[in-house]
Amino acid sequence: MSGVIFRALDTETDRTVAIRRFFPFGPTGGGLSESEKIDFTGTLDRLAEIKHPALRTIVCGGCDPVDGMPYIATEWIEGHSLQTLLMDRSLSPEEMTLVLDQALEVCQILSDNLGSEGVWVETDPHAIIIGAPETQRPVSFWISPLIWTDRRNSQTALETFIPLTVSAMGWSEIPTHERPTTGPGAWVKWLQNSAGTATLQQARESLATATGTAAPTPTQRVVRQATRQVLPGKKKAASKAPAWILAVAVLLVMGLGGWMMVRRNTAMNAAAIKTQTPTIVILSAAPPAPAAISTPKPAEPKTALPVVEKSAAVSKVAPSPVESPAQRASRLAAEQKQAKQNALKRPAPARSGVLSPANYDLLVPLNNKDAIVEGTLASIGYSGSKKTMYLIFAGNLDVADFRGAIAAKDATGDLSETALGTLKGKKIRLSGKIRLELGGSRSRPVIDIGNRTGIQLAE
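This one's a predicted model, so the numbers in the text were calculated from it and none came from an experiment.

Each value, and the rule that gives it
- Residues numbered from 1 in each chain as written.
- Predicted model: local features only at pLDDT ≥ 70, side-chain atom pairs only at ≥ 80, totals over all residues.
- Heavy atoms only, no water.
- Helix = DSSP H or I, 4+ residues; strand = E, 2+ residues; numbered from the N terminus.
- Buried < 20%, exposed > 50% of the residue type's maximum accessible area, 1.4 Å probe, protein only.
- Contact = heavy atoms within 4.5 Å.
- Pairing = 2+ DSSP bridges.
- Core = buried A, V, L, I, M, F, W, Y, C linked by side-chain atoms within 4.5 Å.
- Salt bridge = Lys/Arg side-chain N within 4 Å of Asp/Glu carboxyl O.
- Arc of directions from axis to C-beta.

**As for the overall build of the protein**
Helix and strand content of the protein: twelve helices and 16 strands. Looking at the protein residue by residue over its 459 residues, the buried ones come to 49%. By sequence separation, contacts in the protein at least 24 residues apart represent 67% of the contacts at least 6 residues apart.

Quick look at the structure:
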């Protein structure tokens, strides 16, 4: 879905929000027609009442009064796109099942709200967000608003989950007849034959059967749990666009010309810039998430951006310059160096302690020190270069999470993927020296495993 995302501050609530401005007919096209505006804005009241951990809650929205471009303001969730994660590794069957089930459940809720069953979220890996652990939001989806105004759009079909699954599981270059026939693979095969007639509930039930997971919650119960009660006399979040959102809409139009220049430069370098999203451009970098959203893992490195314009209610940051691969590598190297320097200043836990893969704050200071890490092995994956095989633990959805590392040349015998595959789902203990390596936008703690003695079943 063509669009641009701004990070803004709602000064009435002191919460960070994401303002997403859509281009229904491309960046150079116009806005919605009058009838489409009515359809678009008339739906927002109902959608603002929905709250689900896999869906970004709508604060408000409407159409830009200057050019008619639709926009939505939602809560901001820290994290990475699924596409970023897939550059490092494929999803495990368990992770893929979670993503699919949450997407289908959210679509059930939206279908009930909109009065028409369909896939009302975006299924492109660039638009699916893997939340940072502190958000307690493993995966979240963007509502795809322009589908509401064009019910004939092909994205309303269950078939869109087929390319998502094939891409996320790393099957794109594997012939269809050679792909797994169990787990998500069995579900994809079912979907290829049934997508045209199956309901969302049937799709969820088939997914549960294929993957051996618990039967899904019935649709009506899911809907009741996700629909928030609006208190009497309280203004609905989306019934009218607040003054601050109207003000920022004007600012967005003023900044669009500069964004178009950035987009043209990005297109010229598209072959070299693999981490750029082709349809979504994020124009601000990452200050910490709102205080209301907090748990285990530290926020990503913070980059202060200059403020270019302010209104009484919202401040807008300047667009980030397009970052070349060389610049990104230099930045990540500097961040890793800083992380190592900070690690020397922090006291390390006792070496006799057994750490969890989720103890990021405790693992990073142990760089070049011995450690014991214990957790449930979820899957085995590979680096993008295929030179390293990783032991990935339950809950490891972020590319910077801890993992065991085995050089591909050493992954033979009792360290082969086949041999270690028997440990999936079991609690294991890794022992060795912690080493920091680049993992997405942060340093990733790993333990290098050179022989089988470094991997033990936990008691």
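More follows now that the structure is in view.
**Focus: the pairing of strand E12 (residues 388–393)**
Burial of E12 is extensive: six of the six residues sit out of reach of the surface. Residues Thr388, Tyr390 and Ile392 line one face of E12 and the alternating positions Met389, Leu391 and Phe393 line the opposite face, and both faces are buried. Inspection of the sheet shows strand E11 (residues 370–382) paired to E12 by five bridges, in the antiparallel sense. Opposite tyrosine 382, over in E12, you have methionine 389 as the bridge partner.

**Some points on the nonpolar core**
Judged by nonpolar contacts, the single largest core of 53 residues is most densely connected at Leu110, Leu158, Phe161 and Trp187. Secondary-structure elements contributing two or more residues to this core are helix H1 (34–47), strand E3 (58–63), helix H2 (82–86), helix H3 (93–114), helix H5 (161–168), helix H6 (184–194), helix H7 (200–211) and helix H8 (219–226). Top contributing element to this core by residue count: H3, with ten residues. With residues near it in sequence (within four places) discarded, phenylalanine 161 still touches Leu100, Ala103, Leu104, Val119, Thr123, Trp187 and Leu191.

**Focus: unusual backbone geometry**
In this structure, glutamine 136 takes a positive phi of about 55° despite not being glycine. Inspection of the secondary structure assignment puts glutamine 136 in the loop between strand E6 (129–131) and helix H4 (146–149). Despite not being glycine, asparagine 368 has its phi angle at roughly 70°, a positive value. Classification of asparagine 368 as exposed rests on a relative accessible area of 55%.

**A word on the pattern of salt bridges**
This model, assessed by the stated rule, comprises 17 salt bridges. We note a salt bridge from arginine 20 to glutamate 122, for which the minimum N-O separation is 2.9 Å. With arginine 20 in strand E2 (residues 15–22) and glutamate 122 in the loop between H3 and E6, the pair connects residues that are 102 residues apart, well separated along the chain. Judged by its relative accessible area of 1%, arginine 20 falls in the buried class. Overall, the relative accessible area of 2% leaves glutamate 122 in the buried class. Lysine 409 is the salt-bridge partner of aspartate 410, the closest N and O atoms lying 3.5 Å from each other. Look at lysine 409 and you get exposed, because its relative accessible area is 68%. Within the structure, one salt-bridge network assembled from shared partners comprises Asp88, Arg403, Arg435, Glu437, Arg444 and Asp448.

**With respect to H8**
Burial in H8 covers these residues: Val222, Val223 and Ala226. Within H8, the buried residues cover an arc of 100° as seen down the axis, which keeps them to one side. Every exposed residue of H8 that faces more than 90 degrees away from the buried side is listed here: Arg224 and Gln225. Looking at the buried residues of H8, the elements they touch are H3 and H7.

**A word on the environment of glycine 384**
Following the sequence through the fold, glycine 384 ends up in the loop between E11 and E12. Of the residues examined, glycine 384 reaches a relative accessible area of 56% and is grouped as exposed. Through-space distance from the C-alpha of glycine 384 to that of arginine 89 is 6.6 Å; in sequence the pair is 295 residues apart. Contacts of glycine 384, omitting those with residues within four sequence positions, involve Met87 and Asp88.

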